[in-house]
Structure formats: C-alpha cells, structure tokens
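Coordinates in review
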Number of protein chains: 2
Amino acid sequence: MPAKKNAFYAQSGGVTSVINASACGVIETARRHKQQIGKVFAGNNGIIGALQEELIDTSKESTKAIAALRHTPSGAFGSCRYKLKGIEENLAEYKRLVEVFKAHDIGYFFYNGGGDSQDTTNKVAEFSQQQGYPIQCIGIPKTVDNDLPITDNCPGFGSVAKYVAVSTREAAFDVASMCATSTKVFVLEVMGRHAGWIAAASALAAEKEGDAPHIILFPEIAFNRDKFLRKVDSCVKKYGYCVIVASEGAQTADGKFLSDAGSRDAFGHVQLGGVAPVLANMVKDALGYKYHWAVADYLQRAARHIASKTDV
Amino acid sequence: MPAKKNAFYAQSGGVTSVINASACGVIETARRHKQQIGKVFAGNNGIIGALQEELIDTSKESTKAIAALRHTPSGAFGSCRYKLKGIEENLAEYKRLVEVFKAHDIGYFFYNGGGDSQDTTNKVAEFSQQQGYPIQCIGIPKTVDNDLPITDNCPGFGSVAKYVAVSTREAAFDVASMCATSTKVFVLEVMGRHAGWIAAASALAAEKEGDAPHIILFPEIAFNRDKFLRKVDSCVKKYGYCVIVASEGAQTADGKFLSDAGSRDAFGHVQLGGVAPVLANMVKDALGYKYHWAVADYLQRAARHIASKTDV
C-alpha cells in the first residue's frame, strides 16, 4: 500500500459567494478520510501560492473555522487571475509546480476555477505523469457566468441568478410605484462579459405579461439602438415604466462593447465601464424619460446573504 | 356619539423596502377597530390620488393581501413626489383636499412620508379646522436618509443601513481575496444627497483596524481630492486594497457635487449621475490602481429580502 499523500487546493479567477463552500467540502471530506489523505494545503492567492511555495496548512485551522467557510463569500485563501499557458510555452512553471508538489508530498491537486483552470488541471495531470510523479488532479467547477462546458448549473451561478432576479423584482416594484410622477426607466447592469446567463436570470423576476424586466440585453445578441429605443418607449406607454437588465458585455453588431462607447471626462480622458449609464443617457437623449441606473458589480457575486440552495 | 368616519392613507416621496409595512399597520389596526374607524381609503399615487379623487378602497382587499404588504417593498398604492406649498400659495389644492375628504366622509388622514410630508400633514390639520371640518391628521415617518427631525431611527433607514453594511462587507471580502493580482480599489456609491447616514452605516461592516470600508465620503464633509488620493494610496500600501463608500451627494467645499464633475459622452453631452465612476477614474488617473465600482441605487431602498428587524 502506497504511503498517504497530502492534497493541494487552489482557488482561481474571479471569486463567488460560494467558492469557499467548495473549499470547505474538500477540506472536511479530506479530514473524514485521514487514512487516505494527509494534510490539505491551500495555495496563498491561488496557483501563485504553489509557484512561490506559499502554502497554507489548513490542518492548523479549527473545525469551526473550516465550517465557517461555507458561509463566507470570496476566496478565503486568495485567488488570482493567472493563466498557465501550454506546457511547451511554460515548461519552467509546470516543472516548478511538480517540484513544489513533490517537496510537500502532494498527491492530489484540487483546482477550483473556470474553463481555463479546468484546462490547466488537465495539463498538470498529464505533465506530472510524464515526469514520473503522477498527481491525481481534480477540477472543481466555479463560475458566476455559467459558461463552463459540460456543467449545466455551475456552483456560483445559481446564487448570482437569485441575487439578480430578486434585485430586479424589488427595484421594479419601486419604479412601478413612482412612475406616474417620477422615474420611468430603470437600467440594471449585471455581470457577463461574454455570456448572458446572469442577465437571463433576471427574467425569473417576471410572473406575467408586463412584469419587469421588459428588456434584457445579452452579449450574444447584437444591440440595435433603434429597436431598443422603440421597445423602451412602447413599454413606458403600455406599462407606465420600463425595466432593462443589461449584460456588461452588451455589444453592437461590429463587436464593440456599449460600455466602451467613448464617454470622456472633463479632461477628455476616456471613461471606463458602465453600460448602464450609457443606456440611460441614450434613453434620456432620445426619449427624455426620467431614469435611474444601478451597477451591481461585485455585490452580485459576493452576495452570500442571498445565496441559492442550488449552491449551498 | 359622533358618526364613525373613514380614514385616508397616502404614501409620499421616494419609497422604501418597508413603507408598505406601515400601510399594513394602518389598515390592520383600523380593521381591528371597526367601532371607531370605517373604511380605509388609499391614495392612488399618493396625495395626487386625493386631489384627483382616485381613492383605492382597501376594504375590498383580503386579509391575506393586506398582510402581504408587510413583505412587499415599494409603495403598493403608488407614491409621488408632489409637494403642497403653503396654504396661501396653494389655497385651491387645500380646499380641494378637504372637499374630497368631506365627500368620502374621511375623518382621519395618515400621511406616510418624509419631512415635507410631515409639514403638509400639519398644514392639512390646521386648514381643515379653519374650514370647520376638523380632520385628525397623523404623519407616519418614512425615509431611507434618516434625516427626519425628532425621530432617532426612521422606518426605512435601518433596512438600507443593513443592506449597505452587508454589501460592503461581502464585496470587501471579494476585493481582499483578489487584490494581490487584480482589483485593488473598490468604490460603492450609496444614496444620501444631503445626509450621510446611509454611507455612515457601511462602517458597521468593519470589526477591527484595517477592515473595510477604509474611506467613507459624506455630503456633509467637503471632498478634498489630494487628501482622498493620499488615503487611497496609503490603504493599498498598508492593506493591499482600499474600499470606499461614497454618498451620492459627496461634494467639494464650493458645494459642487462630484457626480456633476462634467463627464461628457462622445457627443459632448453632459453625463448625469454616478459619483462612483468619477472617483474610480480619479484613482486610476492619479494612482493607476485597477478598480471596480458599484452603484446600488434603487436596489438598496427596495431590498426587502434583507430588511432590518428595527423596521419589520
């Protein structure tokens, strides 16, 4: 029987409100199988922690602290946006990884991230075998965008979906109750640079014809200014108000992001970010309706207080 | 014994996540005292409903529907931003009000709103007495800004405070976990055009030195660009990241709102709103840190899902 090996766990890419619940699952499960798995080390700031040999020994944490991970949004051990390229291009880094894993007697590698991370997990598995130090590599899916192949609902998405649906509904009630004399158009910007799942989830706020959201803008469907404005106008005339949920990645047919529409500050500097204010100004200029806009940004992917049961 | 009179209830100004709970309280209490109070009529879109004689007969609503008000954000009967001026200036409107109240046998007027509404309530009481049709007028406090005189915590404020504190904490965890390689500065814009209570509530997110929020910007304290940037820089150097919560009404010493800093779109039109993007761009230009920003807008005052026990 081979000697018991340790495990290495790392968080990767943008964090979510429930990625720590995955960490909790790995660590608690390993603790329940002490015959098979030794210590669980976590990478300080993700895979960078392995490359720089900054490993967090989770065995030093109390049962209570590990259990609390389940309720803590963000990445407790730190995450990073750091992509390992192909083995040929990045040979030194792959070698370094296996070296560090060897030094800490690591036989299991859990990588908690999106599509790129799953790919890296696979490459590390192949490379470690080539090096004669086979590591069991397990990718743990994570993304708020729900754009991972194979998975139907990726952990993280359900919670953002719930946040966006609830927020859309609550804010829409607000707008509806004042539209007779005040704000008539409300724009909520949500995450999703290339995938519209989060924006699509806002549709859960509607129960019947006429309920908000009245318009959802996806990165996958080219934005058409005239069509958009016509729809806004007809909604206001029909329902008294119009609620729009826009993916941050909403773009025109030529692939230009609406958020890069070239807003400039007083000094002529290009202003970054915010498809919501761009849309709101478009509505104001063309239709003159009083508007409000919100940008949920990190609030949506950190909202552990309203996480979904599909996740935790 | 005088004949039993009906009651009129109206919502006024910006709605909150709990103003319907006040409506619920009025209606349920009246129903429990049928010997003293007849029907409760609600104004369709607030006081405008009285002026235009659009009264909603709440006695037609089921016990269940009225109880559900307690859990429904926004103004269920519609609210409006419509201020009655002094009696001399607006004599016709005051007369109209008393006329409508007489026509519907209304002896009690409940006005659910902020400072101006409380003032109107008082004026209606005085005027109705002058007219020989004395109406018992009761102001029900409502504001998210917590800027009502006399009240310590106004219904509505506690819930926004909780939303902002929780959101700040959750988003700060997110930023902290990725700041080593990604976003280092996060700006959350909250409501409060002239009162900083909501922004101040974000401080509840901090438990110890170094916790977010690191900077809070108030309308009451003049914004100083150099001081602000120095503080941002020192926070990033000390803690690795910096979380800023800014009142929408943050302004410079000369009373100019930061959000009116003169951003212009590609066509040279002034862009409205958003102190958060203005601050974020300021940080980027002066310090070069990667940033994110969020504008909670209506989400904060509609967030019934996380309302405070001080309110409901």
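Here, every reference points to the structure presented above.
A brief report on the enclosed structure follows. Keep in mind it's a predicted model, so treat the numbers as computed, not measured.

**Some remarks on the relation of the copies chain B and chain A**
Of the transformation superimposing chain B on chain A, the axial component is 0.0 Å and the angular component is 180 degrees, with the fit at an RMSD of 0.0 Å. Overall, the copies show the geometry of a two-fold rotation axis. Comparing interface residues between copies, 100% of those in chain B also sit at the interface in chain A, which points to an isologous, same-surface contact.

**Description of the pairing of strand E5 (residues 136–141) of chain A**
All names here are of chain A. Sheet topology places strand E4 (residues 106–113) next to E5; six bridges connect them, and they run parallel. Across the sheet, residue Phe-110 finds its bridge partner in E5, namely Ile-138. Between the parallel pair E4 and E5, the chain is carried across by helix H5 (residues 115–130), and the sense of this crossover is right-handed.

**Quick notes on helix H8 (residues 225–239) of chain A**
All names here are of chain A. For H8, which comprises 15 residues, the first-to-last C-alpha distance of 21 Å matches the rise-based estimate of 21 Å (1.5 Å per residue) to within 8%. Of all the residues in H8, the buried ones are Phe-228, Leu-229, Val-232, Asp-233, Cys-235 and Val-236. Along the axis of H8, the buried positions cluster into a sector of 160 degrees, meaning they face one direction only. Relative to its buried face, H8 has exposed residues pointing more than 90 degrees away, namely Lys-227, Arg-230, Lys-237 and Lys-238. Residues of H8 that are buried in the fold lie against strand E6 (185–190), strand E7 (215–217), strand E8 (242–247) and helix H9 (275–287). At the N-terminal end of H8, a side-chain oxygen is found 3.1 Å from the backbone nitrogen of Asp-226, two or three residues along, and the residue is Asn-224. Of the residues one or two after H8, Gly-240 is the one with positive phi, at around 95 degrees.

**Some thoughts on the pattern of salt bridges**
Between side chains of opposite charge, a pair can form as their charged atoms come close. Residues and elements named next belong to chain A. In this structure the tally under the stated criterion is 26 salt bridges over all chains. The salt bridge partner of Asp-105 is Lys-5, with a shortest N-O separation of 3.2 Å. In this pair, Asp-105 sits in the loop between helix H4 (91–103) and E4 while Lys-5 sits in strand E1 (residues 5–11), placing the two residues 100 residues apart along the sequence. Taking relative accessible area as the criterion, Asp-105 reaches 32% and is therefore assigned partly exposed.

**Brief notes about the nonpolar core**
With 54 residues, the main nonpolar core has Tyr-163 and Phe-186 of chain A together with Tyr-163 and Phe-186 of chain B as its most contacted residues. Residues within four places of Phe-186 of chain A in sequence aside, it is in contact with Ala-171, Val-175, Cys-242, Val-243, Ile-244, His-292, Trp-293 and Ala-294 of chain A together with Asp-297, Tyr-298 and Leu-299 of chain B. Counting residues in hydrophobic clusters, the runner-up holds 52 residues, among them Ala-246, Ala-250, Met-282 and Trp-293 of chain A.

**Here's the deal with the sheet that holds strand E1 (residues 5–11) of chain B**
Residue and element names in this part refer to chain B. If you trace the five strands from one edge of the open sheet to the other, you get E3-E2-E1-E4-E5, paired in mixed fashion. Strand pairing shows two members of the sheet lacking a second neighbour, strand E3 (55–57) and strand E5 (136–141), which therefore form its edges. On average, adjacent strands in this sheet sit at an angle of 25 degrees to one another, irrespective of strand direction.

**Overview of the interface of chain B and chain A**
Across the contact, 60 residues belong to chain B and 60 residues belong to chain A. Around 4600 Å² of area is buried between chain B and chain A when both sides are counted, 56% of it from carbon and sulfur atoms. Considering only the side of chain B, the residues that lose the most area to chain A are Glu-170, Tyr-298 and Leu-299 of chain B, jointly responsible for 14% of the buried surface there. Taken together, the links from chain B to chain A amount to two salt bridges. Between Arg-301 of chain A and Asp-174 of chain B there is a salt bridge; the shortest N-O distance is 2.7 Å. For the pair chain B and chain A, the number of links is 22 residue pairs in polar contact (both at pLDDT 80 or more). Of all the elements in the fold, those that place two or more residues in the side of chain B that touches chain A are helix H6 (157–178), strand E6 (185–190), helix H9 (275–287), strand E9 (291–295) and helix H10 (298–302) of chain B. Looking at the side of chain B that touches chain A element by element, the count peaks at 10 residues for H6 of chain B.

**Here we look at the side chain of Lys-142 of chain B**
Residues and elements named next belong to chain B. Relative to the elements of secondary structure, Lys-142 occurs in the loop between E5 and H6. Buried charge Lys-142 goes without a salt bridge, the closest partner of opposite sign being Asp-145 at 7.9 Å. At 2.9 Å, the side chain of Lys-142 forms a polar contact with the backbone oxygen of Ser-12. What Lys-142 contacts, discounting residues up to four positions off in sequence, is Ser-12, Gly-13, Gly-14, Thr-16, Ile-19, Asn-112, Gly-113, Gly-114, Leu-148, Cys-154 and Pro-155.

**Things to note about H6 of chain B**
Here H6 of chain B is 22 residues long and its end C-alpha atoms lie 32 Å apart, about the 32 Å a rise of 1.5 Å per residue gives. Here H6 of chain B lies mainly inside the structure; 17 of its 22 residues are buried.

**As for the environment of Ser-167 of chain A**
Looking at the secondary structure, you find Ser-167 of chain A in helix H6 (residues 157–178). Residues Ser-167 of chain A and Ala-296 of chain A, 129 residues apart in the sequence, show an inter-C-alpha distance of 9.4 Å.

**Structural notes on the packing of helix H8 (residues 225–239) of chain B against H9 of chain B**
When two helices pack together, their arrangement is given by the angle between their axes and by how far apart the axes lie. Residue and element names in this part refer to chain B. Look at H8 against H9: their axes get within 11 Å of each other, and the N-to-C directions meet at 75 degrees. Here H8 is positioned roughly perpendicular relative to H9, judged by the angle of their axes. Residue-level contacts link Arg-225, Phe-228, Leu-229, Val-232 and Asp-233 of H8 to Leu-279, Met-282, Val-283, Ala-286 and Leu-287 of H9. The residue makeup of the contact of H8 with H9, split by class, is eight nonpolar, no polar and two charged.

About the criteria used
Residues numbered from 1 in each chain as written. Chains lettered and ligands numbered in written order. Predicted model: local features only at pLDDT ≥ 70, side-chain atom pairs only at ≥ 80, totals over all residues. Heavy atoms only, no water. Least-squares fit on C-alpha atoms with pLDDT ≥ 70 in both. Contact = heavy atoms within 4.5 Å. Pairing = 2+ DSSP bridges. Helix = DSSP H or I, 4+ residues; strand = E, 2+ residues; numbered from the N terminus. Right-handed = clockwise from strand over helix to strand, strands pointing away. Expected span 1.5 Å × (residues − 1). Buried < 20%, exposed > 50% of the residue type's maximum accessible area, 1.4 Å probe, protein only. Arc of directions from axis to C-beta. Polar contact = N/O pair within 3.5 Å; in protein donor to acceptor, adjacent residues only side chain to side chain. Salt bridge = Lys/Arg side-chain N within 4 Å of Asp/Glu carboxyl O. Core = buried A, V, L, I, M, F, W, Y, C linked by side-chain atoms within 4.5 Å. Axes fitted to C-alpha atoms, helices over the stretch in contact; angles between N-to-C directions. Buried area = accessible area lost by both parts, 1.4 Å probe. Lys, Arg positive; Asp, Glu negative; His and termini not counted. Parallel < 35°, antiparallel > 145°, perpendicular 65-115°, else oblique. Nonpolar A, V, L, I, M, F, W, Y, C, P; charged D, E, K, R; others polar.

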